[in-house]
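Summary of the model geometry
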Amino acid sequence: MSSKRVNSTFMYALGMFAIMVPSQAFTSFYSYYYVEKLGLGIGLATLARSVYLVWDAVNQPLLGYWSDRTRSPRGRRKPWLYGGLPAFAILFVLMFSVPPGLSGASAAGELFWWFLIVLILFESASSVLWVNYGSLLPELFAGAALRAKASAVQQSFQMLAILIGTAATPLLFKAVGFSGMSVAYAALFLLCMLVFLKHLQESSAARVPSPLPLRQAFRETLRNRNFWIFHLANSFAQTVNGLLSSMIPFYAKYALHIPESQVSILLASVFVSVIPLVAVWYLIARRLGGLRSWRLSLAVYGVTAIPLWFAGSLGTGIAAGISIGFGLAGFLVTPAVLNGHIIDQDAERTGRRREGVYTAVGGFINRSSGLISAVAFWIVGRMFGYVSGHDPGPDPEQAFRWLISLVPLGLMAVSLAISLLYREEKRHGEQKADS
């Protein structure tokens, strides 16, 4: 094994690519698959997401705590990552392999229970992977400059994964069906994840201090004011990420009136543009620091959603997609620097590296964005009469213009307002937390 590849930013980013391809395909197309194609009502889809969120509130923080307490020759995170691989792959395939006979109004109950059970199991396996993968960045890469670089490389791989998981997915499920698409992505996930894990070596120093007891670990986390502000602001921005990915297929059909075969082109306009723009935001983050660049990215993300309201064809849709790609790139790059700083401050205060708890609790807050997204879909759908692909209502075009543009603009305004409550704190050897 090449020592240059061990814990390199490239190999770490490969882990992001591995998890993100199927995760993005799920985020972008589960609503389209279950609601538009199979006829599950958006009310039932929202209910399933709500039930899962209650379970997620319990399991995700505990996963982070258990991960921090893990002591093994391979490290704290690797055993969990290896254990989560087969479950994640199998459940992703099941998510898009609904048995024949469960679609349509006559089988709505059975389809709901299938979706709910597989969703809970799939998202639980996903939590195992994301908690442990996300916990590695602050440990492997120290300092704002190195974290900004690692984040930029990671987000470039993420953009490539998002491009595949969105733009390539319609072509793939048209060729081999949704089930065939899920099998192909599951195989890609397993291959890339195993290569990443082969080149991962955790620091033994992080395992030396005895872990905090459960109550104290969560008390120290929950009393951290900046932690809450940071993740609450991000949860609204993450909602916009989810809406942007999942609503584009509907937006393309009902607002732009383009055929399904051109959805990949529209999706590519957003996510291809993000890849070079990540480098721009890396330079901005290095110049402005974590806090100011993060706030700037939230403001820009909201403004760049406006052109989507005015698009009316494939050409104008592509132009609007490139616009919002700039805002998306900023939000993907800038939070990692500030998040690592929050965890470093906690380590100074407690004497323990607790990336797992922080990543898990923060992850739960951010993943609540899935419920916000589902509720927004349900509310706007009711406003304009959209129920499902079998009953789109009298004005689905306005529904999806709202969901792709006006709702994201409002959510980003809330996100930016919350971010202004964040207060810089001095660290040993630093003048500002933003440095």
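As a reminder, the structure under discussion sits directly above these lines.
Report on the accompanying structure. (Residues numbered from 1 in each chain as written. Predicted model: local features only at pLDDT ≥ 70, side-chain atom pairs only at ≥ 80, totals over all residues. Heavy atoms only, no water.)

Examining the overall build of the chain
Scanning the chain from terminus to terminus reveals 16 helices and 0 strands. Evaluated residue by residue, the chain yields a buried proportion of 60% over its 435 residues. Taking the contacts inside the chain whose residues are at least 6 apart along the sequence as the reference set, 84% of them involve residues at least 24 apart. Accessible surface for the chain amounts to roughly 16500 Å². Of this, 67% is attributable to carbon and sulfur atoms. (Helix = DSSP H or I, 4+ residues; strand = E, 2+ residues; numbered from the N terminus. Buried < 20%, exposed > 50% of the residue type's maximum accessible area, 1.4 Å probe, protein only. Contact = heavy atoms within 4.5 Å. Areas by Shrake-Rupley, 256 points an atom, 1.4 Å probe, with all protein chains shown as cover.)

Here's the deal with the environment of Ser-135
Counting through the fold element by element, Ser-135 comes out in the loop between α4 (108–134) and α5 (136–140). Measuring from C-alpha to C-alpha, the distance between Ser-135 and Ile-343 comes to 9.9 Å, with 208 residues separating the pair along the chain.

Concerning unusual backbone geometry
Residue His-257 is not a glycine yet carries a positive backbone phi of 60°. Within the element layout of this structure, His-257 appears in the loop between α8 (225–254) and α9 (263–288).

Some details on the packing of α8 against helix α10 (residues 290–303)
Closest axis-to-axis distance for the α8/α10 pair is 12 Å, and the angle between their directions is 35°. Along this stretch, α8 crosses α10, giving a crossing that reads as left-handed. Each of Ile-229, Phe-230, Ala-233, Asn-234, Ala-237, Val-240, Asn-241 and Leu-244 in α8 lies in contact with α10, whose residues at this interface are Trp-294, Leu-298 and Tyr-301. Looking at the contact of α8 with α10, its residues break down into 9 nonpolar, 2 polar and no charged. (Axes fitted to C-alpha atoms, helices over the stretch in contact; angles between N-to-C directions. Left-handed = near helix turned anticlockwise from the far one by under 90°. Nonpolar A, V, L, I, M, F, W, Y, C, P; charged D, E, K, R; others polar.)

A short note on the packing of aromatic side chains
Note on aromatic pairs: each is described by the distance of the centres and the angle between the planes. Under the criterion given, the structure shown has 35 aromatic pairs. Ring centres 5.0 Å apart and planes at 55° place the aromatic pair Phe-26 and Phe-122 in the tilted group. With Phe-26 in helix α1 (residues 9–37) and Phe-122 in helix α4, the pair connects residues that are 96 residues apart, well separated along the chain. Here the two residues Phe-26 and Phe-122 agree in accessibility, since each one is buried. (Phe/Tyr/Trp six-rings, centres within 6.5 Å; stacked < 30°, edge-to-face > 60°.)

A word on the pattern of salt bridges
If you walk through the whole model with that rule in mind, you get 2 salt bridges. The residue Glu-36 makes a salt bridge to Lys-253 at a minimum N-O spacing of 2.7 Å. Note that Glu-36 is positioned in helix α1 and Lys-253 in helix α8, a separation of 217 residues in sequence. Close ionic contact of Arg-401 with Glu-397 constitutes a salt bridge, the shortest N to O distance being 3.2 Å. Of this pair, Arg-401 and Glu-397 are both found in helix α16 (residues 396–419), 4 residues apart, which corresponds to roughly one turn of the helix. On the accessibility criterion, Arg-401 (7% relative accessible area) is buried. (Salt bridge = Lys/Arg side-chain N within 4 Å of Asp/Glu carboxyl O.)

Observations regarding helix α15 (residues 369–384)
Taking 1.5 Å per residue as the helical rise, α15 with its 16 residues ought to reach 22 Å, and the 22 Å between its terminal C-alpha atoms agrees with that figure. Taken as a whole, α15 has its buried residues at Ser-369, Gly-370, Ser-373, Ala-374, Ala-376, Phe-377, Val-380, Gly-381 and Phe-384. What you see down the axis of α15 is that its buried residues fit within an arc of 160°, all on one side. Backbone geometry just downstream of α15 places Gly-385 in the positive-phi region, at approximately 85°. (Expected span 1.5 Å × (residues − 1). Arc of directions from axis to C-beta.)

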